[in-house]
Amino acid sequence: MRLLTLGFLSAVLIACSAPPAQELEETLVSTESGRVVGFASEHPVVRWLDVPYAQPPIADLRWRAPQRLAASEEKLIPAETPILCPQEAGETSGIVTGGIVGSEDCLYLDVAAPADYASQSYPVMFWIHGGANTSGHKGPYDFSALAAKEKVVVVTINYRLGPLGWFTHPALKESAGDLNASGNFGTLDIIAALEWTQRNIRVFGGDPGNVTIFGESAGGRNVYSMLASPLSAGLFHKAIAQSPTLQSYSPQQAYNEEKEYPQLSRGSWEVVANLGMQNASVTAAELRATSAEVLLGEYFAIYKDHAEPLIVNDGQVIPREGLIAALGDSRYAKNVPVMAGSNRDEVSLWLGLSRYFVDADSLFGVLPPKVRVRDPELFEYWVSQRGRGWKARGVDAPLLSLESAGYQDLYAYRFDWDEQADNWFVPFSEVLGAAHGSEIAFVMGAPMYGSVGEYMYPDTDSAQAMTDIMMTAWGQFARTGSPGSVDGIAWPQFQAASLEVMVLDSGDESPQLVQDSPGLDGLLTEIANTPSRLNDTETCMLVWELLTTVGDAAYSDYESWQDGRCAMLDVPKEKAATRAALTKEYGSPDLF
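These figures come from a predicted structure and were not determined experimentally.

Give a detailed account of the pattern of salt bridges, specifying residues and quantitative values.
One pass over the structure, following the stated rule, counts 31 salt bridges. Residue Glu25 pairs with Lys75 through a salt bridge whose shortest N-O separation is 3.3 Å. Note that Glu25 is positioned in strand β1 (residues 23–31) and Lys75 in the loop between β3 (45–52) and β4 (87–90), a separation of 50 residues in sequence. Classification of Glu25 as partly exposed rests on a relative accessible area of 45%. Taking the shortest distance from any N to any O, the salt bridge between Arg266 and Glu308 comes out at 3.1 Å. Here Glu308 lies in the loop between α9 (292–301) and α10 (323–327) and Arg266 lies in the loop between α6 (251–255) and α7 (268–274), a separation of 42 residues in the sequence. Take Arg266: its relative accessible area is 11%, and that puts it in the buried class. The exposure class of Glu308 is buried, given its relative accessible area of 7%.

Now the structure itself:
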């Protein structure tokens, strides 16, 4: 049955879009990349697909800053299958089998514009996909409904991922200079795509003077990277970060020689060692000669205990002080309107699959298993605290940093919609609720989550009302720099003096304003002082997750919390033991 494909719980962005069948010759436009023809959409929108924005980063261009394409008059032909940068097969790639999938020749973008684009100059919205900066691609995102309703031009891009997108190694630095030594190649791809947009978007009916960058999860972190980077000034004019993360690492951490930082996994030293090469003598040529399949195979073969260093504080692309500090530094301020928000139940996307929290019973061994939450009170508390922690680290702290740097037009939201189409087998609203990534469907106006999209984004009045709310707010922000009002409630600016957040919901739980911004310290105090169903080990694991995820890991704060209450508990080791015990009992620590 379709509803049982719950592998979607471990990732977002699951569907691949093939080029529409109807080519519209009258939409042929000339860009610096070549001539490209548009395709029809089910909406009054034209879509141009698979337009290259930089030279393929292959051979000698691997691990170098993206190079501008030579001007071309060639007519471009969209690919027959989705173009994606090398990554593991899985739900995020839309290709669930096959090991390592994708091609290094992947720096392409799509454009969607209202049908009357030729005579218009519409606001531009520039989408940066999520996927932990190790997976995902532009293919699943068809923003045609948003383009039609809000009269905007939407650009969606690919960028290099994982060790091909972020890799800091002495062998590469010795053979490179300037930006080629930065290690932030995926970040530079995003900047190159923004530069291409500035030079070419007019032919698609877009206004290069009104560009809004927006992205979700790691895409939200990349939005923050654009706000922090000295190299992106003038390339965009507004920014939206959806469920963003905020981690960045020093070049020393990104290399992580001899596992100097034991809590980091997949540093370039470890990856090269896994390839069977000697870090002290390996050359750039040898590294570039390694196939992407072998490189990524060894990269993902390294078990990720906690964090993998990706965005690097190299001092060129990203300031040395790191993302959160750079956002609060007026020297890098773009002084553009910024909106950021998170989902109430972010981590249910992962916890809703874990055997620790949920189980499934099959009647008579014949019917599909019925999913149930083992301990609803425990599950609800854990998900709530982690969701509030995500907001504290990914939304509140960055917005307050931006305010201290002089930004004035700042807005915050919390996405609470949880009226999925439950059925007898899976209580989606209970297990997932307002999960990580669930808001994307309402901005896009189309289902996500692959074959279970009809349950997560049902055809109901409530879902349509939520779609109208999200599209209107995002479109209004792109046009004016303010999301306006929601159901007659004015959306206030987020300021240290008030900390007001717009709660986005529909139906009985209509939009409202809240001031639930206690900060990470406040949440940790609540956990210490509030009775709950958590035992001592679970309490320490929750504190660990709050302190080491979403933002830069604060290991010393974990060790000193409550006078060292948790200092003796090795959480990664405890998690590994829990996974082993669940695997022994059920065959897997996850439901499916």
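Give me the lowdown on the packing of aromatic side chains, citing residues and values where you can.
Enumeration according to the criterion identifies 23 aromatic pairs in this entry. Both rings, one in Trp127 and one in Tyr141, keep their centres 5.3 Å apart while their planes meet at 50 degrees; by these two values the pair is tilted. Of this pair, Trp127 sits in strand β7 (residues 122–128) while Tyr141 is found in the loop between β7 and α1 (144–150), placing the two residues 14 residues apart along the sequence. Of the two residues, Trp127 and Tyr141, neither departs from the other in class, the shared state being buried. Summarising the aromatic geometry, the rings of Trp127 and Phe143 are spaced 5.2 Å apart at their centres and angled 55 degrees between planes, so their arrangement reads as tilted. In this pair, Trp127 sits in strand β7 while Phe143 sits in the loop between β7 and α1, placing the two residues 16 residues apart along the sequence. Residue placement shows Arg62 over the ring face of Trp63; its charged tip is 5.1 Å from the ring centre. Here Arg266 stacks its cationic end above the ring of Tyr299, 5.2 Å away from the centre of that ring.

Before we move on, could you go through the packing of helix α12 (residues 376–404) against helix α17 (residues 519–529) and cite the residues and values that matter?
Contact geometry of α12 with α17 gives a least axis separation of 8 Å together with a crossing angle of 160 degrees. Taken together, the axes of α12 and α17 are roughly antiparallel relative to one another. Note on packing geometry: the crossing formed by α12 with α17 is left-handed. Contact residues: Tyr381, Gln385, Arg388, Gly389, Ala392 and Arg393 in α12; Gly519, Leu520, Leu523, Glu526 and Ile527 in α17. Looking at side-chain class alone, the contact of α12 with α17 contains five nonpolar, three polar and three charged residues.

Requested: an account of unusual backbone geometry, with residues and values cited.
A positive phi angle, close to 60 degrees, is found at Asp50, a residue other than glycine. Mapping Asp50 onto the fold places it in strand β3. At Asp563, a position not held by glycine, the phi torsion is positive, near 55 degrees. Relative to the elements of secondary structure, Asp563 occurs in the loop between α19 (555–560) and α20 (571–586).

Residue-level account of the pairing of strand β11 (residues 338–343), with values.
Looking along a regular strand, one sees side chains alternate from face to face of the sheet. Most of β11 is tucked away, with six of its six residues classed as buried. Side chains Val338, Ala340 and Ser342 of β11 all project onto a buried face; the interleaved residues Met339, Gly341 and Asn343 project onto the opposite face, where all are buried too. Both strand β10 (residues 238–242) and β11 contribute to a ladder of four bridges, which runs parallel. Residue pairing for β11: Gln242 is matched across the bridge by Gly341. Strand direction decides the pairing type here: β11 and strand β14 (residues 410–415), joined by six bridges, are parallel. The residue bridging Val338 from the neighbouring strand is Leu410, located in β14.

Provide a residue-level description of α12, including the pertinent values.
With 29 residues, α12 should cover 42 Å at 1.5 Å per step; its first-to-last C-alpha distance of 40 Å lies within 8% of that length. Most pronounced at Ala392, the bend in α12 amounts to some 35 degrees. With respect to burial, α12 is a largely interior element, 21 of its 29 residues being buried. In the segment just after α12, Gly406 is the residue with positive phi, at about 110 degrees.

How would you explain the environment of His43 if you had to name every residue and give the values?
Tracing the backbone shows His43 in the loop between β2 (34–40) and β3. Separated by 188 residues in the primary sequence, His43 and Leu231 have C-alpha atoms spaced 36 Å apart. Residue contacts for His43: discarding those within four places in its chain leaves Ser144, Ala145 and Ala148.

Lay out empty space enclosed by the protein in plain terms, naming residues and giving numbers.
The full count for this structure, using the stated rule, is four cavities of 30 Å³ or more. Here the second largest cavity is characterised by a volume of approximately 60 Å³. Around the second largest cavity sit Trp166, Phe167, Thr168, Ala254, Arg266, Gly267, Ser268, Tyr299, Pro309, Leu310 and Val312, which together line it. A breakdown of the residues in the lining of the second largest cavity according to their chemical character gives seven nonpolar, three polar and one charged.

Describe the nonpolar core, with residues and values.
Counting residues in hydrophobic clusters, the biggest one holds 92 residues, and the most contacted among them are Phe126, Leu227 and Phe236. Ranked by residue count, the leading element in this core is helix α4 (residues 185–200), at eight residues. The contact partners of Phe126, leaving out residues within four places of it in the chain, are Val155, Ile157, Ile190, Ala193, Leu194, Thr197, Val211, Thr212, Ile213 and Phe214. In terms of nonpolar packing, the next biggest core, distinct from the first, is built from 84 residues, Ala148, Val371, Val383 and Ala478 among them.

I'd like a description of the state of the cysteines, backed by residues and values.
Two cysteines, two sulfur atoms, one covalent bond between them: this is a disulfide. Throughout the structure, instances matching the rule amount to two disulfides. Disulfide partner of Cys85: Cys106, at an S-S distance of 2.0 Å. Between Cys85 and Cys106 the disulfide shows an S-S torsion of about 90 degrees. By sign, it is right-handed. In this pair, Cys85 sits in the loop between β3 and β4 while Cys106 sits in the loop between β5 (95–101) and β6 (108–114), placing the two residues 21 residues apart along the sequence. Comparing Cys85 with Cys106 shows no difference in burial state: the two are buried. Look at the chain and number its bonded cysteines as they come in the sequence; the links are 1-2, 3-4.

Give a detailed account of the sheet that holds β10, specifying residues and quantitative values.
Paired through backbone hydrogen bonds, the strands of a sheet run either parallel or antiparallel to each other. Taken together, twelve strands build an open sheet; the order of strands is β1-β2-β3-β6-β8-β7-β9-β10-β11-β14-β17-β18 and the sheet is mixed. Either end of the sheet is taken by a strand with one partner, and the two such strands are β1 and β18 (512–514). Across this sheet, the average inter-strand angle for adjacent strands is 25 degrees, counted without regard to direction. In terms of strand pairing, strand β17 (residues 501–504) meets β18 through three bridges, oriented antiparallel. Its bridge partner being in β18, Val503 is matched across the sheet by Gln512. Where α4 meets the sheet, its contacts fall on β1, β3, β6, β7, β8 (153–157) and β9 (206–216), and the angle it forms with β7 comes to roughly 160 degrees. In this fold α12 packs onto β11, β14 and β17, with an angle of close to 170 degrees to the strand it touches most, β11.

What counts as what
Residues numbered from 1 in each chain as written. Predicted model: local features only at pLDDT ≥ 70, side-chain atom pairs only at ≥ 80, totals over all residues. Heavy atoms only, no water. Salt bridge = Lys/Arg side-chain N within 4 Å of Asp/Glu carboxyl O. Helix = DSSP H or I, 4+ residues; strand = E, 2+ residues; numbered from the N terminus. Buried < 20%, exposed > 50% of the residue type's maximum accessible area, 1.4 Å probe, protein only. Phe/Tyr/Trp six-rings, centres within 6.5 Å; stacked < 30°, edge-to-face > 60°. Lys NZ or Arg CZ within 6 Å of the ring centre and 35° of its normal. Axes fitted to C-alpha atoms, helices over the stretch in contact; angles between N-to-C directions. Parallel < 35°, antiparallel > 145°, perpendicular 65-115°, else oblique. Left-handed = near helix turned anticlockwise from the far one by under 90°. Contact = heavy atoms within 4.5 Å. Nonpolar A, V, L, I, M, F, W, Y, C, P; charged D, E, K, R; others polar. Pairing = 2+ DSSP bridges. Expected span 1.5 Å × (residues − 1). Bend = angle between axes of the 7 residues up to and from the residue. 1 Å grid on protein atoms, 1.4 Å probe; cavity = no way out; pocket = protein on both sides within 12 Å on 5 of 7 lines; lining within 4 Å. Points joined across faces, edges and corners; volume = space filled by probe spheres on them. Core = buried A, V, L, I, M, F, W, Y, C linked by side-chain atoms within 4.5 Å. Disulfide = S-S within 2.5 Å.

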